[in-house]
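The chain contents come next:
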Amino acid sequence: MKISENLKSIVIQIIKFLPIKNKNLVRFRIRNAFINIILKLYSFNPYSKLSKFFYYSLSDKYANYKDLYNLLGHLKKRDNPKTILEIGIGGHNKQYSGGYSLVALSHYYYNSKIYGLDINEKSFLDSKKIKTIQGSQSNEELLEKIGTKNGPFDIIIDDGSHYVDHQIITFQNLWKHLNDDGYYLIEDLSGSYLTRLRGSPELEKDKNLITFFSDLNHMVNAERLLRKWLDKSKNYININQIFYFESAILIHKKNYDSPIAGADEDEKSNDYKLKKDSDGNLDIPDDFD
Ligand SMILES: C[S@@+](CC[C@H](N)C(=O)[O-])C[C@H]1O[C@@H](n2cnc3c(N)ncnc32)[C@H](O)[C@@H]1O
């Protein structure tokens, strides 16, 4: 039984007949209050799953990516993340609409601040735990600003425009703003196979995300790679795991407790260590260029 769905339609019916000026705002407030109560109650369930938080919050993540989010919820424990960024808040340009997944994330990851980026204004969702930012994920300057000001993030979710070039730009600009042991998730890869979403049915690398990431697959074995291959994708040598799902991808960043060693061309030596500098950035020596 979809409790939240039923409550939603009851609320809509009641508000219809009330003499209220801003019905959309009232509807949002009541809906949000109900969802918050349901999620708070569900939080007490010791077997609670991340996907169920999306279910109760009415986010379509439950229907579309149940297994993916249950895996994420299992790998990233509830008390761990301190900062999460989701691109694409939902509701598009509809007033007082969207934010379902931000609310779900704020209950599951109860220690975390949740940032949401959307091309449309969504400040009606702002609270102690949730902060919204208006702007496009194709704006590299903005992404850098968000990363520097609000990051680094423990989880980044790209559920925005779903244009392939946007997804690639966002990954290229935000990967460095993901914490070690962090997770980067991209939803809706169907655009990679559709020209109208600037994807490539011909599977070209810069227009198809699966091809783009296939190229980076070897990074999960960075310690065994010849230095010349590390050199080719040096910004992504800290990819630890890549999980492929139907229409989605989940990437895990290495934990830098263990440094990466690149093998020499003659395959004898393994003495090349990549470390972090004092600011916590990857220390890539000059001879990598
Ligand atoms: C599929 S909805 C997000 C749903 C939400 N994450 C959820 O699970 O409930 C996509 C959102 O991305 C936003 N969007 C579209 N183009 C964008 C862009 N270039 N940058 C940022 N957000 C964008 C839309 O306004 C819309 O609200």
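Residues numbered from 1 in each chain as written. Predicted model: local features only at pLDDT ≥ 70, side-chain atom pairs only at ≥ 80, totals over all residues.

Topic: the site of the ligand
Here comes step 1: Not every one of the 23 residues close to the ligand is listed here, only the nearest: Gly-88, Gly-90, Ser-101, Gln-137 and Ser-161.
Here comes step 2: Of all the secondary structure elements, the ones that give two or more residues to the shell around the ligand are β1 (83-87), α5 (100-108) and β2 (113-118). (Near = placed C-beta within 6 Å. Helix = DSSP H or I, 4+ residues; strand = E, 2+ residues; numbered from the N terminus.)

Details of the nonpolar core
Here comes step 1: With 59 residues, the main nonpolar core has Ile-84, Ala-104, Ile-156, Leu-185, Ala-248, Ile-249 and Leu-250 as its most contacted residues.
Here comes step 2: Ranked by residue count, the leading element in this core is α5, at six residues.
Here comes step 3: Once you skip the residues sitting within four places of it in the chain, Leu-250 turns out to touch Leu-68, Leu-72, Tyr-183, Leu-185 and Phe-243. (Core = buried A, V, L, I, M, F, W, Y, C linked by C-beta atoms within 7 Å. Buried ≥ 20, exposed ≤ 12 C-beta atoms within 10 Å, placed from the backbone. Contact = placed C-beta atoms within 7 Å.)

Remarks on the sheet that holds strand β5 (residues 178-187)
Here comes step 1: Pairing is mixed in the open sheet, where seven strands are placed in the order β3-β2-β1-β4-β5-β7-β6. The two strands at the open ends of the sheet, each matched to only one other strand, are β3 (130-134) and β6 (239-245). Taken pair by pair, the neighbouring strands of this sheet meet at an average axis angle of 15°, ignoring direction. (Pairing = 2+ DSSP bridges. Axes fitted to C-alpha atoms, helices over the stretch in contact; angles between N-to-C directions.)

A few points about the pairing of strand β4 (residues 153-158)
Here comes step 1: Extensive coverage of β4 is indicated by the burial of six of its six residues.
Here comes step 2: In this structure, β1 lies alongside β4, joined through four bridges in parallel fashion. Along β4, the bridge assignment pairs Ile-84 with Ile-155.
Here comes step 3: The pairing of β4 with β5 spans five bridges and is parallel. Bridge pairing in β5 links Ile-155 to Tyr-183.
Here comes step 4: In terms of handedness, the path from β4 via helix α7 (residues 164-174) over to β5 forms a crossover that is right-handed. (Right-handed = clockwise from strand over helix to strand, strands pointing away.)

Details of the pairing of strand β7 (residues 248-253)
Here comes step 1: Within β7, six of the six residues are buried, which leaves the element mostly enclosed by the surrounding structure.
Here comes step 2: Burial along β7 is two-sided: the face carrying Ala-248, Leu-250 and His-252 and the face carrying Ile-249, Ile-251 and Lys-253 are both buried.
Here comes step 3: One ladder, built from five bridges, connects β5 with β7; its direction is antiparallel. In the strand pairing of β7, Leu-185 is matched with Leu-250.
Here comes step 4: Bridge count between β6 and β7: six bridges; the pairing is antiparallel. Pairing of Phe-245 across the sheet is with Ala-248, part of β7.

Side note on the packing of helix α3 (residues 50-57) against helix α4 (residues 61-75)
Here comes step 1: Between α3 and α4, the least distance of the axes is 7 Å, while the angle of their chain directions is 150°. Across the interface between the two elements, Leu-50, Ser-51, Phe-54 and Tyr-55 from α3 touch Lys-61, Tyr-62, Lys-66, Tyr-69, Asn-70, Leu-72 and Gly-73 from α4.
Here comes step 2: Classifying every residue of the contact of α3 with α4 by side-chain character gives six nonpolar, three polar and two charged. (Nonpolar A, V, L, I, M, F, W, Y, C, P; charged D, E, K, R; others polar.)

A short note on unusual backbone geometry
Trans peptide bonds make up most of the peptide bonds, and negative phi angles are found at most residues other than glycine.
Here comes step 1: With an omega dihedral of -5°, the bond running from Gly-151 to Pro-152 counts as a cis peptide bond.
Here comes step 2: Positive phi values are uncommon outside glycine, yet Arg-198 reaches one of about 65°.
Here comes step 3: Inspection of the secondary structure puts Arg-198 in the loop between β5 and α8 (209-214).
Here comes step 4: Exposure remark for Arg-198: the 18 C-beta atoms within 10 Å place this residue in the partly exposed category.
Here comes step 5: The phi dihedral of Leu-203 falls on the positive side, at around 65°, and the residue is not glycine.
Here comes step 6: Looking at the secondary structure, you find Leu-203 in the loop between β5 and α8.
Here comes step 7: Under the C-beta neighbour-count criterion, Leu-203 is labelled partly exposed, with 14 such atoms within 10 Å.

Let's talk about the packing of helix α2 (residues 23-43) against α5
Here comes step 1: For the pair α2 and α5, the least separation of the axes is 10 Å and the interaxial angle reads 30°. One element, α2, and the other, α5, form an angle in the roughly parallel class. Between α2 and α5 lies a crossing of right-handed hand. The segment α2 lies against α5, with Asn-32, Ile-35, Asn-36, Leu-39, Lys-40 and Ser-43 engaging Val-103, Ala-104 and His-107.
Here comes step 2: A per-class count over the contact of α2 with α5 returns four nonpolar, four polar and one charged. (Parallel < 35°, antiparallel > 145°, perpendicular 65-115°, else oblique. Left-handed = near helix turned anticlockwise from the far one by under 90°.)

Some points on the environment of Tyr-62
Here comes step 1: Among the secondary structure elements, Tyr-62 is positioned in helix α4.
Here comes step 2: For Tyr-62, a count of 22 C-beta atoms within 10 Å corresponds to the buried category.
Here comes step 3: Through-space distance from the C-alpha of Tyr-62 to that of Ser-51 is 5.3 Å; in sequence the pair is eleven residues apart.
Here comes step 4: When residues no more than four places from it in sequence are discounted, the contact partners of Tyr-62 are Ser-51, Phe-54 and Tyr-55.

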